[in-house]
Amino acid sequence: MHSDLDTDAAAARALFQSLEGMEGLSRPEPAPALKARERFPGQAALIKLYPGVLVAGTIALASTWLSQHYGAPVMLFALLLGMTFHFLHQEGRCIPGIEFSSKAILRFGVALLGARITAGQILSLGITPIVTVVIAVVSTILLGAFLSKRLGLRQGFGVLSGGAVGICGASAALAIASVLPRDKDGERDTILTVVVVTALSTIAMITYPLLTAALHLDQTKAGVFLGGTIHDVAQVVGAGYMISPHTGDVATYVKLLRVSMLLPVVFVIAFLAARMLPGGSGGARPQLPLFLVAFAALVAVNSFGWLPKAGADAATEVSRWCLVTAIAGLGMKTSFKDVMTAGWRPVALMVVETAWIAGVVLVAVEWFL
């Protein structure tokens, strides 16, 4: 009788330990004999990563459902839901998978963004929108780097926020953050940038179509303005087609031109960061961003017509899921307390950057288009 009770108690303890490992609590290491058994290559890595990846993927799925049913940005849902599960990143089995989601899955998702773009789409816009976008993106990043020092912020945050505002919102923030030097405030700054740029992009989606009507812009000029100023791709599409199908098409192409700026901008940032940090100044030297090489390769393949539409659509959908999962992972790595300590200055900087890029594009549309 006692042996049966002991057996039941041992089984209950084993079950409890397996559950508490998923809840962020410590779990004893498995016996060496169990570690050695692998039925297929990579089984140990898969077992190590799957709890955190599973949680991030579940948050991404929930965020997508909420976005589809309530109309709010999916990235914002993923970020906020992820932050509520911050305790999973403090200790336990989920940590490796959360790190994997916020880094490896992120880079894979950014690489697949290249499937959206072709050289033909960019060249079809003509020279004026191309020059406008290049000037707007570069000047916004430089403005962010300049003003960040004046506001007492890290210059890296100015580059990060300027790139997010200038290029493609949350996706650009994640890509730029992946090549910036690592420091104790880096993840907090990335989270803050994603939250603010998503909020500003949503406000712009609602107000900018009204602004184009007040300024009596025609459909083409309105499309260039919307595509050149709103931060996230989804909000650009929503605002453009709110006016007309032609405005939506133009806005989408201009926005994709801004997305294509991600490649040279991140390469330059990675190069400058490596030169500025020789290795002994508190951060690791950024590695060659191979995911951007894949991004460029996909653009080239798509431009030559070698990527069928079904393949491009599939790559775009996988990219979206990867980025939402990465945002969820990034959210789990950050606490609300850390974000709240940032203060008002980062928000003010991003509002100024948003106003700046809107002004630059509006002047170009009114005077040169």
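Residues numbered from 1 in each chain as written. Predicted model: local features only at pLDDT ≥ 70, side-chain atom pairs only at ≥ 80, totals over all residues. Heavy atoms only, no water.

### Notes on the packing of aromatic side chains
Counted according to the given criterion, the structure contains 4 aromatic pairs. Taking 6.4 Å as the distance between ring centres and 70° as the angle between the ring planes, the aromatic pair formed by Trp65 and Tyr70 counts as edge-to-face. Over the aromatic face of Trp321 sits the side chain of Arg320, whose NZ or CZ is 4.9 Å from the ring centroid. (Phe/Tyr/Trp six-rings, centres within 6.5 Å; stacked < 30°, edge-to-face > 60°. Lys NZ or Arg CZ within 6 Å of the ring centre and 35° of its normal.)

### Concerning the packing of helix H8 (residues 155–166) against helix H10 (residues 186–214)
Contact pair H8 / H10: the axes reach a minimum separation of 10 Å and the direction vectors enclose 30°. Taken together, the axes of H8 and H10 are roughly parallel relative to one another. Read as a crossing pair, H8 and H10 show a hand that is right-handed. Contact residues: Phe157, Leu160, Ser161, Ala164 and Val165 in H8; Asp189, Thr190, Leu192, Thr193 and Val197 in H10. In the contact of H8 with H10, the residues fall into 6 nonpolar, 3 polar and 1 charged. (Axes fitted to C-alpha atoms, helices over the stretch in contact; angles between N-to-C directions. Helix = DSSP H or I, 4+ residues; strand = E, 2+ residues; numbered from the N terminus. Parallel < 35°, antiparallel > 145°, perpendicular 65-115°, else oblique. Left-handed = near helix turned anticlockwise from the far one by under 90°. Contact = heavy atoms within 4.5 Å. Nonpolar A, V, L, I, M, F, W, Y, C, P; charged D, E, K, R; others polar.)

### Thoughts on unusual backbone geometry
Leaving glycine aside, a negative phi is the common case for residues, and trans is the common case for peptide bonds. Of note in the backbone geometry, His216 takes a positive phi value of approximately 60° without being a glycine. One can find His216 in the loop between H10 and helix H11 (219–229).

### Re the packing of helix H5 (residues 95–112) against helix H15 (residues 290–303)
At their nearest, the axes of H5 and H15 sit 7 Å apart, and the two run at 25° to each other. Between H5 and H15, the angle falls in the class roughly parallel. By crossing handedness, the relation of H5 to H15 is classed as right-handed. Residue-level inspection shows Arg107, Val110, Ala111 and Leu112 of H5 in contact with H15, the latter providing Phe291, Leu292, Ala294, Phe295 and Leu298. Its residues placed into classes, the contact of H5 with H15 shows 8 nonpolar, no polar and 1 charged.

### Topic: the environment of Pro245
On the secondary structure map, Pro245 appears in helix H13 (residues 245–260). Pro245 gets classed as exposed once you look at its relative accessible area, which sits at 59%. In this structure the C-alpha to C-alpha distance between Pro245 and Gly223, which are 22 residues apart in sequence, comes to 9.8 Å. (Buried < 20%, exposed > 50% of the residue type's maximum accessible area, 1.4 Å probe, protein only.)

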